[in-house]
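Below are the chains, spelled out letter by letter.
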Amino acid sequence: MPKTYNDIYFVVRNKLRECGVEAYGPEARSLLAAASGKTPEQLLRDLYLYTSDEIEAKTEAMLERRIKGEPLAYISGSWEFYGLPFTVTPDVLIPRMDTEVLVSCAIKAVKAFGMKGRVLDLCCGSGCIGCAIASELPAARVVAADISVPALEICRKNIKDNKLASRIITVHADAKTWPPMSIGSFDVIVSNPPYIASNEILTLDCSVRDYEPLGALDGGDDGLDFYRAIIKYWTITLRPNGMMMFEVGEGQADAVKKMLLDAGYVKVSTVQDTLGVQRVVIGKWKNEF
């Protein structure tokens, strides 16, 4: 007997609920929309139309992947961040809402430079940070850098899909060593680097540990390797009065603040996320007047 999209939605929703998925309703809609090639709005419009056996089978296959713990973003292949759509694959981290705090801080800093700042998104991954900044600040210019070639491919796709190719360029670079000679200088360096301590990787939720890229998670023995390296090697690319800003893990803010202060940064501060965690650390370089 033919089924409507709504029939399939209820089956998926109930199975997700039985498996303990907290947001079973929204996730069921997202899975069904992805399986049918529709936007959420189109799915809502077509909810009571009949669908095909092929779409039902595709939805069931996606549901099985989700039940096994695979993140919804990798199953659907897309995720929203700062109001923009992003392609995501297992080559890049899934953008988190926590990181929107870092974006807001960067936008505020660039506005202080007269809206025309040059920004480096270091360890860019999917490019979500750089794209969000460029989207909000049309006069700014962004360089997105990462050591992962597959991640840079996803980043370029997201730049193109969000129509930001005239404002963002990508660079293959290693955050843990000297920057390429031709990269230029920046008013703001923003980075959400790997910051999970190596021995904590195995304790992460399976949806992160088993599916997201290890190279984008592992921050070394204490989780702070990338902060040390970026401050050591990349400060030379900051213009006078330039800003260095990092996303940090819970409990890491004080250590990263000390690194910046020891390196000669001034006006070092932190910004909380929506849960009250000190999520962003900011330092100003060479406080010249």
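This text goes with the structure placed above it.
Residues numbered from 1 in each chain as written. Predicted model: local features only at pLDDT ≥ 70, side-chain atom pairs only at ≥ 80, totals over all residues. Heavy atoms only, no water.

Novice: Could you give me a rundown of the state of the cysteines, with the residues and numbers involved?
Specialist: Per the stated rule, a full pass over the model turns up zero disulfides. Left unpaired, Cys-19 is separated from the closest cysteine sulfur, that of Cys-206, by 12 Å. Between Cys-105, a free cysteine, and Cys-128, which holds the nearest cysteine sulfur, the sulfur-to-sulfur gap is 15 Å. The exposure class assigned to Cys-105 is buried, which follows from its relative accessible area of 12%. (Disulfide = S-S within 2.5 Å. Buried < 20%, exposed > 50% of the residue type's maximum accessible area, 1.4 Å probe, protein only.)

Novice: So what's going on with unusual backbone geometry? Which residues, and what values?
Specialist: Peptide bonds are trans in most cases, and residues, glycine excluded, mostly fall at negative phi. A positive phi angle, close to 65°, is found at Cys-123, a residue other than glycine. Topologically, Cys-123 is positioned in the loop between strand S3 (118–122) and helix H7 (128–136). Within the chain, Asn-241 stands out as a residue other than glycine whose phi angle is a positive 70°. With respect to the element layout, Asn-241 can be found in strand S7 (residues 238–247). Asn-241 sits in the buried class, given a relative accessible area of 19%. (Helix = DSSP H or I, 4+ residues; strand = E, 2+ residues; numbered from the N terminus.)

Novice: Give me the lowdown on the packing of aromatic side chains, citing residues and values where you can.
Specialist: One pass over the structure, following the stated rule, counts six aromatic pairs. Seen from their ring centres, Tyr-9 and Phe-10 are 5.4 Å apart, and the 65° between their planes marks the pair as edge-to-face. Of the residues examined, Phe-10 reaches a relative accessible area of 35% and is grouped as partly exposed. An aromatic cluster is built from Phe-81, Tyr-82 and Phe-86, whose rings are joined through pairwise contacts. Over the ring of Tyr-24 we find Arg-17; its NZ or CZ atom is 5.5 Å from the centre of that ring. The ring centre of Phe-226 lies 4.9 Å from the NZ or CZ of Lys-176, which sits over that ring. (Phe/Tyr/Trp six-rings, centres within 6.5 Å; stacked < 30°, edge-to-face > 60°. Lys NZ or Arg CZ within 6 Å of the ring centre and 35° of its normal.)

Novice: An account of the pairing of strand S5 (residues 168–172) is needed here, citing residue identities and associated values.
Specialist: Relative to S5, strand S4 (residues 141–146) runs parallel, the two sharing five bridges. Bridging from a neighbouring strand, Asp-146 pairs with His-172 of S5. Since S4 and S5 lie parallel, the crossover through helix H8 (residues 149–161) that links them has a hand, and here it is right-handed. (Pairing = 2+ DSSP bridges. Right-handed = clockwise from strand over helix to strand, strands pointing away.)

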